[in-house]
Amino acid sequence: GQILHDTYCVFCHDTRVYTREDRVARDYREIYAQVRRWQQNVGLKWSDADIEKVSNYIAAKYYKLPCLDAC
């Protein structure tokens, strides 16, 4: 997840998007939904497994949240 995140996600925004007061996602399911939405918006065509890996990485690293499944 980290490689995909660092390659594609920080191309458009930096990591402050995860820690700002008005962040959109508040839990793992919302993180997953945002990752799915944005990879579709930019045409990455990630698999469900890729979306889950990136979501797990973001949840653990920036939100300090447990993953839906094992990270």
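Cut-offs and rules
- The written sequence of each chain sets the order in which its residues are numbered from 1.
- Note on the predicted model: pLDDT of at least 70 is required for a residue's local features to be given, and 80 or more for side-chain atom pairs to be given and counted; whole-chain, interface and lining totals, by contrast, use all residues.
- To get the side-chain values, all heavy atoms of the structure are used, and hydrogens and water are removed first.
- Strands here are runs of E lasting at least two residues and helices are runs of H or I lasting at least four, both read from the DSSP assignment and numbered beginning at the N terminus.
- Just to be clear, the radius of gyration here is over C-alpha atoms, and the globule rule we use is 2.2 Å times residues to the power 0.38.
- To be clear on the numbers: accessible area is Shrake-Rupley with a 1.4 Å probe, and residue cover counts the displayed protein chains and nothing else.
- Only four residue types enter the charge count: Lys and Arg as positive, Asp and Glu as negative, with His and the chain ends excluded.
- Just so you know, the charge point we use is NZ for Lys, CZ for Arg, CG for Asp and CD for Glu.
- In this description, a line fitted to the C-alpha atoms serves as the axis of each element, helices being fitted only across the stretch in contact, and the angle between N-to-C directions of two axes falls anywhere from 0 to 180 degrees.
- Roughly parallel means an angle under 35 degrees; roughly antiparallel, over 145; roughly perpendicular, 65 to 115; everything else is oblique.
- Here, residues are in contact when the closest pair of their heavy atoms is within 4.5 Å.
- Amino acids are sorted into nonpolar (Ala, Val, Leu, Ile, Met, Phe, Trp, Tyr, Cys and Pro), charged (Asp, Glu, Lys and Arg) and polar (every other residue, Gly among them).
- By nonpolar core is meant a set of buried Ala, Val, Leu, Ile, Met, Phe, Trp, Tyr and Cys residues that side-chain atoms within 4.5 Å join together.
- Summary of the burial criterion: residues with accessible area below 20% of their type's maximum are buried, those above 50% are exposed, and those between are partly exposed, where the area comes from a 1.4 Å probe applied to protein chains only.

A. Spotlight on the overall build of the protein. Helix and strand counts for the protein stand at three helices and zero strands. For 71 residues, the compact-globule formula gives about 11 Å, and the C-alpha radius of gyration of the protein, at 11 Å, lands near that figure. Element-wise, carbon and sulfur atoms account for 53% of the exposed surface of the protein, whose accessible area totals about 4,900 Å². Between the averaged position of the 11 positive side-chain charges in the protein and that of its 10 negative side-chain charges there is a distance of 2 Å.

B. Expanded view of the packing of helix α1 (residues 2-12) against helix α3 (residues 48-63). Relative to each other, α1 and α3 sit at 90°, their axes nearing to 8 Å. Comparing the axis directions of α1 and α3 gives the class roughly perpendicular. For the pair α1 and α3, contact is made by Q2, L4, H5, D6 and C9 and by D50, V54, Y57, I58 and Y62, respectively. Among the residues forming the contact of α1 with α3, the class breakdown is six nonpolar, two polar and two charged.

C. Just the nonpolar core, in detail. Formed by 15 residues in total, the largest nonpolar core has its most connected members in I31, V35, W46, V54, I58 and Y63. Elements that contribute at least two residues to this core include exactly α1, α2 (28-41) and α3. Counting residues per element, this core draws most heavily on α3, which supplies seven residues. With sequence-adjacent residues up to four places away left out, I58 is seen in contact with H5, Y18, I31, V35 and Y63.

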